[in-house]
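# Chain and residue survey
These are the residues of each chain, in order.
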Amino acid sequence: MNIFEIYLKKINIILIDLNKKGLIELPKNKNSFNVEIPPVKFDSDISTNVAMVLSKINQKSPIEIAEIIETKIKDDSSVERIEIVKPGFINIKLKSSFWNEFLKNIISNKEKFGVNENEVKKKYLLEFVSANPTGPLHVGHCRGAILGDVISNILKFNKHTVTKEYYVNDYGNQIISFTKSVYFRIREILNNEKFPINKPDLYPGDYIIEIAKNIINENKNIEFKNFDEVSSKLSSLAIKQSLLLIKSNLKNLGIVHDNFQSETDLVNNNEVEKVIEKLKKKNFIYSGKIKAPMDEEKGNWVEREQLLFKSTEFGDDKDRPLQKSDKSWTYFASDVAYHNNKLSRNFDTMINILGADHAGYIKRITSSVEALSGEKNKLICKVSQLVKLIKDGKPFKMSKRKGDYITIEDLLKEVGKDATRFIMLNRSSDVELDFDFTKIKEKSKDNPLYYVQYCYARISSVFNHIGKKINDDINIKSYNFNFSAEETKILQKISQWPKCIELSINKLEPHRVPTYLYELSSIFHSYWNMGKDDETKRFISKDKNISDEKLVFLKAISNVIKTGMNLVGVNTPEKM
RNA sequence: GCGCCCUUAGCUCAGUUGGAUAGAGCAACGGUUUUCUAAACCGUGGGUCGGAGGUUCGAAUCCUUCAGGGCGCGCCA
């Protein structure tokens, strides 16, 4: 139940009616009409800008237009009072009967309140994480992982179908290095040969030792005598091991993918050749040369003829190579094949969540999807910016070369799943995020997670006092309450929940959910504390009773908090 | 050099897809606990929304331009 949508429709009907009577002119495009919450000082519930938008086309002042519209809005049975304000806003105060109906609706909808029933249901493919299968996930992967997971949760909440997919880059040079590293660790364990720690292309991390041990234990029959002989077998064993690690990291974060798509499989099934043929037929591929990047030292650059994709036709700054000099495919080539594969599975919309360091890649991959499908917004890429780790007030740097980076496992051990998810999601993904270890662990009030959870725990404690559980259904005989100013504030805030969901989806900005939950919690905490000064405002009276009205408010707030926290994927403890 | 992202209070950030006198938290200062959880609440101070132009009834939001910070720029993925 989105009250803003309801009133926008009502106003549109009124405008059409006034137009028929020749009282006002209407523009063709009504997109700039809106209905929203007015600032608190006006003591109104909803507000519309239509009079100002209509001013020009009608050659009348916004106030004059507003007065014409006002006469019609007055007829609506839910309207208590209308106020026309300065530039031309029409502010509407709704009758308490409307809000009573609203509350009744929320209580009966339970966790379904906020679902946009009118939205067309779509089939989404969401690709996220897709980190190289050469080791455990580290903090750098964490933000994108959570972002993707919560976007998926919200889409599903709105009854869309979502397939969560992980693209496994198990083809290419990094896999050869990784396999070699495992091989040397195996030799170290079995033959006591020292691991060549200074070789630059090897992975020094300790987790390689664990992988080596597991492979030795599970494959007693394999002899690790010659790298070239075992490399192909060993490679797949090692990848399998690191995927197990990655899956367990993700599971501990609360994330489970539906599908793992292997890059090697695509290559082996000749899907790259097929997609290149397809693009050749459409004339998007040619053999040519590209310019050196500006910061490349001149000596290192060898210009050569190579197979290129015409991404410049879609606005990219240069055409992109598909084949390396040894004739193997570039990462981009197999990724085009992967996206062709995605397209063949007929999703309405495909979303990729990328890290900031891959932002430069977006143009070419969306270009390829446009070339293949002919549709411009078939693939949407969302970038999550860097996470800056801060410990004891100082930035904490990780070094891949030393292998000393902080893994997701470390993170979860230190601050836990809930804090990690909530804090990582709490900021817009467009801005860098400070992740302050010490603050998050402090359980202080700087920590928005506790603030929201505390709200739920307080409500739960009231339910305990009256011998109920917070999840129990409540039976209200009749909804006929008069609301205080504080309660109206709560009602207004709750009425914005569907809008929050809608914006989170439309803009792929799920950080709006924790932000909203924080604001709602803040209003609740004020409401709670009113009982400190004024005993009549306490939830539970002296004779251990609770009024239906207060019960309804507690239930409504806790419903929204619970729903929201579920979307974020964190717990709502009943006691803290 | 080019592309993408960012710049809002001392610090970290929101800002309802262009609206009304720009909002939170932290930090600072002052107050609230015989009372449903003080992990909370209330109050005070703090702003040229990076700068300059433009678009219009109206700009933190859109466009142009400049400055500063971040990320990236063939055979890494």
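Residues numbered from 1 in each chain as written. Chains lettered and ligands numbered in written order. Predicted model: local features only at pLDDT ≥ 70, side-chain atom pairs only at ≥ 80, totals over all residues. Heavy atoms only, no water.

### Here we look at unusual backbone geometry
Selection criterion: Every helix listed is a DSSP run of H or I at least four residues long, and every strand listed is a run of E at least two residues long, numbered separately from the N terminus. Whether a residue is buried, partly exposed or exposed follows from its accessible area with a 1.4 Å probe, protein chains only, as a fraction of its type maximum: under 20%, in between, or over 50%, in that order.
One non-glycine residue with positive phi stands out, namely Val129, at about 70°. Its location among the elements puts Val129 in the loop between β5 (123-127) and α5 (139-157). Judged by its relative accessible area of 16%, Val129 is buried.

### A word on the domain arrangement of chain A
What counts, and what does not: Note: domain ranges come from an automatic or database domain assignment. What counts as buried area is the accessible surface, traced by a 1.4 Å probe, that two parts surrender upon association, with contributions from both included. Here, a salt bridge means any Lys or Arg side-chain nitrogen found within 4 Å of an Asp or Glu carboxyl oxygen.
Domain annotation for chain A reports domain 1 (3-94), domain 2 (126-169 + 257-384), domain 3 (173-252) and domain 4 (445-568). Each of domain 1 and domain 4 has a C-alpha centre, and the two are 31 Å apart. The junction of domain 1 with domain 4 conceals about 530 Å² of combined surface from both sides, 55% of it contributed by carbon and sulfur atoms. If you sort the residues of domain 1 by the area they bury against domain 4, Phe4, Ile37 and Asp45 come out on top, with a joint share of 56%. Linking domain 1 to domain 4 there are 0 salt bridges.

### A closer look at helix α14 (residues 417-425)
In an α-helix, one turn spans 3.6 residues; hence positions three or four apart end up facing the same way. Counting buried residues along α14, 8 of its 9 residues qualify, which places the element largely inside the surrounding structure. Every buried residue belonging to α14 is among Asp418, Ala419, Thr420, Arg421, Phe422, Ile423, Met424 and Leu425, and all of these are buried.

### Topic: the protein's contact with RNA strand B
The condition that has to hold: The rule for a residue being near a molecule or strand is that one of its heavy atoms must lie within 4 Å of it. Counting of polar contacts relies on pairs of N or O atoms within 3.5 Å, with two restrictions inside protein: one atom must be capable of donating a hydrogen and the other of accepting it, and residues adjacent in sequence are counted only when both atoms are side-chain atoms. By the convention adopted, Pro, Cys, Tyr, Trp, Phe, Met, Ile, Leu, Val and Ala count as nonpolar, Lys, Arg, Asp and Glu as charged, and the other residues, Gly among them, as polar.
Surveying the vicinity of RNA strand B reveals 75 residues, the closest of which are Val302, Arg427, Tyr451, Ser461 and Arg538. Sugar and phosphate atoms represent 60% of those atoms of RNA strand B found within 4 Å of the protein. One of the side-chain N or O atoms of Lys318 is found 3.2 Å from a sugar or linking oxygen in RNA strand B. Within the side chain of Ser325, one N or O atom sits 2.4 Å away from a base oxygen of RNA strand B. It is helix α19 (residues 512-533) that contributes the most residues to the surface near RNA strand B, 9 residues altogether. Residue composition of the surface near RNA strand B, grouped by class: 27 nonpolar, 22 polar and 26 charged.

### Observations concerning the packing of helix α1 (residues 3-20) against helix α3 (residues 62-73)
We apply this condition: Here the axes come from fitting lines to C-alpha atoms, over the contacting stretch only for helices, and the angles between their N-to-C directions go from 0 to 180 degrees. Note on angle classes: values under 35 degrees are labelled roughly parallel, values over 145 roughly antiparallel, values of 65 to 115 roughly perpendicular, and the remainder oblique. Handedness of each helix crossing follows the sense of rotation of the near helix against the far helix: counterclockwise by less than a right angle gives left-handed, clockwise gives right-handed. Contacts are assigned to residue pairs that have any heavy atoms within 4.5 Å of one another.
Two elements in contact, α1 and α3, have axes separated by 10 Å at closest approach and are oriented at 115°. Judged by the inter-axis angle, α1 sits roughly perpendicular to α3. Here the hand of the crossing between α1 and α3 comes out right-handed. Across the interface between the two elements, Ile14, Leu15, Asp17 and Leu18 of α1 pack against Ile68, Ile69, Lys72 and Ile73 of α3. In terms of residue class, the contact of α1 with α3 is made up of 6 nonpolar, no polar and 2 charged.

### Regarding the sheet that holds β5
Heads up, the rule is: We call two strands paired when DSSP finds no fewer than two bridges between them.
Reading across from one edge, β7-β6-β5-β11-β12 is the order of the 5 strands in this open sheet, with parallel pairing throughout. Only two strands of the sheet have a single partner each, and these edge strands are β7 (259-262) and β12 (379-384). Strand-to-strand twist across the sheet, computed as the mean angle between neighbouring axes with direction ignored, equals 25°. Relative to β7, strand β6 (residues 161-168) runs parallel, the two sharing 4 bridges. Bridging across to β7, Glu165 finds its partner in Asn259. Against the sheet, α5 engages β5, β6, β11 (349-355) and β12, with an angle of about 160° to β6.

### Let's talk about the pairing of β6
Under the convention used in this document: Whether a crossover is right-handed comes down to one check: with the strands pointing away from the viewer, does the path from the first strand over the helix to the second run clockwise; if it does, it is right-handed.
Of all 8 residues in β6, 7 are buried; the element is thus mostly enclosed. Taken together, the 5 bridges between β5 and β6 define a ladder with parallel strand orientation. Bridge pairing in β6 links Leu125 to Thr163. Handedness of the β5-α5-β6 crossover: right-handed.

### A short note on the packing of aromatic side chains
Filter applied, for reference: Any Phe, Tyr or Trp ring, taking Trp's six-membered ring, that has another such ring centre within 6.5 Å forms a pair; planes under 30 degrees apart are called stacked, those over 60 apart edge-to-face, and the others tilted. Remark: a charge is flagged as sitting over a ring if the NZ atom of Lys or the CZ atom of Arg is within 6 Å of the ring centre and within 35 degrees of the ring normal.
Scanning the model with the defined rule gives 27 aromatic pairs in all. Among the aromatic residues, those joined into a ring-pair cluster are Tyr167, Phe284, Phe309, Phe314, Tyr331, Phe332, Tyr338 and Tyr361. The ring of Phe195 carries the charged tip of Arg185 above its face, separated from the ring centre by 3.7 Å. Over the ring of Phe260 we find Lys247, and its NZ or CZ is 4.4 Å from the ring centre.

### Considerations on the nonpolar core
Applicable threshold: Throughout this description, the term nonpolar core refers to a set of buried Ala, Val, Leu, Ile, Met, Phe, Trp, Tyr and Cys residues connected via side-chain atoms within 4.5 Å.
Within the largest apolar cluster, 118 residues are counted, with the highest numbers of intra-cluster contacts made by Ile69, Phe435 and Ile494. For this core, the leading source of residues is helix α20 (residues 548-568), giving 11 residues. Ignoring anything within four residues of it in the chain, the contact list for Phe435 reads Val387, Lys388, Leu389, Ile390, Leu411, Val415, Thr420, Ile423, Met424 and Ile440. Leu125, Val267, Leu307 and Tyr361 belong to the second-largest nonpolar core, a separate cluster that totals 28 residues.

### Considerations on the pattern of salt bridges
Taken as a whole, this structure holds 26 salt bridges when the rule is applied. Taking the shortest distance from any N to any O, the salt bridge between Asp17 and Lys21 comes out at 3.3 Å. Looking at Asp17, the relative accessible area reads 25%, which means it is partly exposed. Given a relative accessible area of 53%, Lys21 falls into the exposed group. Here Lys164 ties to Asp149 by a salt bridge, and the two come within 3.3 Å at their closest N and O atoms.

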